[in-house]
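A closer look at the structure
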Amino acid sequence: NLALDSENNLYASIDYILSSTHNISRPNIIKFDNKTWTIKNPVDKNGESLGYVSKINVDLSGKIWAALITNNRGLAVYNGEKWLNNFSDIPIDMFPEIAIDSSNTVWVGGDGIYLITQK
């Protein structure tokens, strides 16, 4: 899965869920800024993995949105400083799709379609 931000940085996610070598510490999201590659794996405040990434997208303000497919965590967003995954009001654990429209609304789909309106 690939996504570009407004500065043309490329983000790539690698889905390992079907791999026979499950290792949660492998690169899940990689950023390329036309010079260097940087790993941006989703982690909690203690540095523990939030799970494997299936899909990513980048919103208009540069936040990285990631659909997580392990640890029943569901959805995470990187705000430039840390990963947040407090989306308990969305009642599904896995999101096979993430889309962001021109109003910066995040659309996530899985067992249903959910909208996250940003300020």
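Refer to the structure above for everything that follows.
Every value quoted in this text rests on a predicted model; they were computed, and no experiment measured them.

1. Here we look at the packing of aromatic side chains
Two measures describe an aromatic ring pair: the distance that separates the ring centres and the angle between the ring planes. Enumeration over the complete set of coordinates arrives at two aromatic pairs. Where Tyr78 meets Trp83, the ring centres are 5.2 Å apart and the plane angle is 45 degrees; that geometry is what we call tilted. Here Tyr78 and Trp83 have matching classes, each one buried.

2. What about the pairing of strand S6 (residues 64-68)?
Of all five residues in S6, five are buried; the element is thus mostly enclosed. Burial of the side chains of S6 extends over both faces: Ile64, Ala66 and Leu68 are buried on one face and Trp65 and Ala67 on the other. Between the end of strand S5 (residues 53-58) and the start of S6, which pair antiparallel, lie five residues, with Gly62 showing a positive phi angle near 90 degrees. Relative to strand S7 (residues 75-78), S6 runs antiparallel, the two being bridged by four bridges. Counted as the bridge partner of Ala66 is Ala76 from S7.

3. Overview of the nonpolar core
By size, the foremost hydrophobic cluster in this structure holds 13 residues, and its most contacted members are Ile29, Ile56, Ala66 and Trp83. Secondary structure elements with two or more residues in this core: S5, S6 and S7. Setting aside residues up to four positions removed in sequence, Ala66 forms contacts with Ile29, Val53, Lys55, Ile56, Gly74, Leu75, Ala76, Trp83 and Ile98. The next biggest cluster of nonpolar side chains, apart from the first, holds ten residues, and it includes Ala67, Val77, Ile90 and Ile98.

4. Notes on the pattern of salt bridges
Following the criterion strictly, the structure yields one salt bridge and no others. A salt bridge links Lys55 to Glu97, with the shortest nitrogen-to-oxygen separation between them at 3.7 Å. Of the two residues, Lys55 sits in strand S5 while Glu97 sits in strand S9 (residues 97-100), which places them 42 residues apart along the sequence. Using a relative accessible area of 26% as the deciding quantity, one classes Lys55 as partly exposed.

5. Quick look at the sheet that holds strand S2 (residues 10-13)
Pairing within the open sheet is antiparallel, and its four strands lie in the order S1-S2-S3-S4. Lying at the two open borders of the sheet, with one neighbouring strand each, are strand S1 (2-4) and strand S4 (37-39). On average, adjacent strands in this sheet sit at an angle of 25 degrees to one another, irrespective of strand direction. Judged from the three bridges that link them, strand S3 (residues 29-32) and S4 form a sheet pairing that is antiparallel. Bridge assignment links Lys31 to a residue of S4, and that residue is Thr38.

6. Describing the sheet that holds S6
A sheet is described by the order of its strands in space; here four strands give the open sequence S5-S6-S7-S8, paired in antiparallel fashion. Looking at the sheet topology across the chains shown, the edges are occupied by S5 and strand S8 (83-84). Relative to S6, S5 runs antiparallel, the two sharing five bridges. Directly across from Ile56, in S6, lies its bridge partner Ala66.

About the cut-offs
Residues numbered from 1 in each chain as written. Predicted model: local features only at pLDDT ≥ 70, side-chain atom pairs only at ≥ 80, totals over all residues. Heavy atoms only, no water. Phe/Tyr/Trp six-rings, centres within 6.5 Å; stacked < 30°, edge-to-face > 60°. Buried < 20%, exposed > 50% of the residue type's maximum accessible area, 1.4 Å probe, protein only. Helix = DSSP H or I, 4+ residues; strand = E, 2+ residues; numbered from the N terminus. Pairing = 2+ DSSP bridges. Core = buried A, V, L, I, M, F, W, Y, C linked by side-chain atoms within 4.5 Å. Contact = heavy atoms within 4.5 Å. Salt bridge = Lys/Arg side-chain N within 4 Å of Asp/Glu carboxyl O. Axes fitted to C-alpha atoms, helices over the stretch in contact; angles between N-to-C directions.

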